[in-house]
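An overview of the molecular structure
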Amino acid sequence: QVQVAESGGQLVQIGESLRLSCAISGRTFSNFVVGWFRRTPGKEREFVTGIQWSDGMAGYEDSVKGRFTVSKDIAKDMVYLQMNSLKFEDTAVYLCGILLDGAWTDADDYQYWGQGTQVTVSS
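Below is a short write-up of the structure. On a predicted model such as this, the values are computed, not experimentally measured, just so you know.

1. Structural notes on unusual backbone geometry
Phi is positive for Asp-77, which is not a glycine, with a value near 55°. Take Asp-77: it is sitting in the loop between strand 7 (68-73) and strand 8 (78-83). Notably, Ser-85 is not glycine yet its phi reads approximately 50°, a positive angle. Within the secondary structure, Ser-85 is located in the loop between strand 8 and strand 9 (92-99). You can call Ser-85 partly exposed: its relative accessible area is 41%.

2. Digging into the side chain of Asp-77
Among the polar contacts made by the side chain of Asp-77, one reaches the side chain of Arg-27 at a distance of 3.2 Å. Not counting chain neighbours up to four residues away, the residues in contact with Asp-77 comprise Cys-22, Ala-23, Ile-24, Arg-27 and Trp-53.

Criteria and cut-off values
- Residues numbered from 1 in each chain as written.
- Predicted model: local features only at pLDDT ≥ 70, side-chain atom pairs only at ≥ 80, totals over all residues.
- Heavy atoms only, no water.
- Helix = DSSP H or I, 4+ residues; strand = E, 2+ residues; numbered from the N terminus.
- Buried < 20%, exposed > 50% of the residue type's maximum accessible area, 1.4 Å probe, protein only.
- Polar contact = N/O pair within 3.5 Å; in protein donor to acceptor, adjacent residues only side chain to side chain.
- Contact = heavy atoms within 4.5 Å.

Worth remembering: the numbers are spatial, not functional.
Written as structure tokens, this is what we have:
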């Protein structure tokens with residue numbers, strides 16, 4: 001019943017900005033965390049940022065602090081990831097997940113996932 005869908009990924013150049021969206025539908029729970037992870041070939045999903053739906057508390061991986069901002073729109077059941085000053089190293093498939101109980105940074109604890117959206121940062 002629960003569905004998660006990311007959108008907004010595209011090809012951009014180093015230094016540019018991009019905003020990703022995560023749409024949530026079919027949920028019945030109200031206390032959860034929405035996390036953003038990224039995946040590159042041959043690697044596990046890496047935690048980027050997460051936001052607690054109920055109070056807006058957010059956390060970030062060190063490499064994106066000061067560049068990325070996560071936000072939510074309760075009325076629209078949407079979470080956004082604003083990415084500024086993009087670097088080549090940010091290239092990845094970005095995934096949105098729902099955490100009901102567990103560690104924010106552990107992808108295996110998330111119960112629902114979107115399909116991912118590709119972000120490519122070129123020189």
